[in-house]
Amino acid sequence: MALGKCPECGREISIQANSCPHCGKPRPFEIKNERHDSGLNYGCLAVAVGLILTVFGAIAQWQWLAPVIAVLIVGGIGWTLFVWLTGWGKQSVSRKP
C-alpha cells in the first residue's frame, strides 16, 4: 500500500483513500493513468521505415534488404500491438491542492 502526505494536514495516508481519515479532506490524491505514447511512435516509425525501404529496395532491386524490411515491419507491428494491447503505462499520483 503506497502512502502519501495529505495536502491539507500533512499526515501520511493511503494514496487510494477517498478522504483523509485525520482531517476529512475528500479525495486528497488524484491517480492518473498515463500511457507511454512514445512506444507507439517507435512501432509506427519502424513500420514506416520498413515500407519506405520496401519501395527503394524494389526500385534498386536490393535482394539483401528483404530480411531487414521484414524485421522492421513485423517488429514494428508487433511492438505497436504490444504497447496498444497491454496499455504499457504507469500510474502517477499527484496531490490535489
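Please read these numbers as outputs of a predicted model, since none were measured by experiment. (Residues numbered from 1 in each chain as written. Predicted model: local features only at pLDDT ≥ 70, side-chain atom pairs only at ≥ 80, totals over all residues. Heavy atoms only, no water.)

### Section: the overall build of the chain
- The helix and strand inventory of the chain stands at 2 helices and 4 strands.
- Helices and strands in the chain line up, N terminus first, as β-β-β-α-α-β.
- Among the 97 residues that make up the chain, the fraction classed as buried is 23%.
- Taking the intrachain contacts of the chain between residues at least 6 apart in sequence as the baseline, contacts between residues at least 24 apart amount to 48%.
- Surface exposure of the chain reaches about 7,000 Å², of which carbon and sulfur atoms provide 62%. (Helix = DSSP H or I, 4+ residues; strand = E, 2+ residues; numbered from the N terminus. Buried < 20%, exposed > 50% of the residue type's maximum accessible area, 1.4 Å probe, protein only. Contact = heavy atoms within 4.5 Å. Areas by Shrake-Rupley, 256 points an atom, 1.4 Å probe, with all protein chains shown as cover.)

### Remarks on the environment of glycine 43
- Assignment of secondary structure puts glycine 43 in helix H1 (residues 37-60).
- Residue class for glycine 43 comes out buried when judged on its relative accessible area of 1%.

### Some points on the confidence of the model for the chain
- Here the chain shows a mean pLDDT of 77. Residues at 70 or above account for 77%.
- Mean pLDDT across the secondary structure elements of the chain bottoms out at strand E4 (residues 89-95), with 52, and peaks at strand E2 (residues 12-14), with 88. (pLDDT = per-residue confidence, 0-100.)

### Section: unusual backbone geometry
- Notably, glutamine 61 is not glycine yet its phi reads approximately 55°, a positive angle.
- Among the secondary structure elements, glutamine 61 is positioned in the loop between H1 and helix H2 (66-86).

### Topic: H2
- Across its 21 residues, H2 extends 30 Å between first and last C-alpha, which sits within 8% of the 30 Å expected from 1.5 Å per residue.
- Looking at H2, one finds that the buried residues are Ile69, Gly76, Thr80 and Val83. Viewed end-on, H2 has its buried residues packed into an arc of 90°, placing them on one side of the element. Exposed and oriented more than 90 degrees from the buried face of H2 are Pro67, Val71, Val74 and Leu85. (Expected span 1.5 Å × (residues − 1). Arc of directions from axis to C-beta.)

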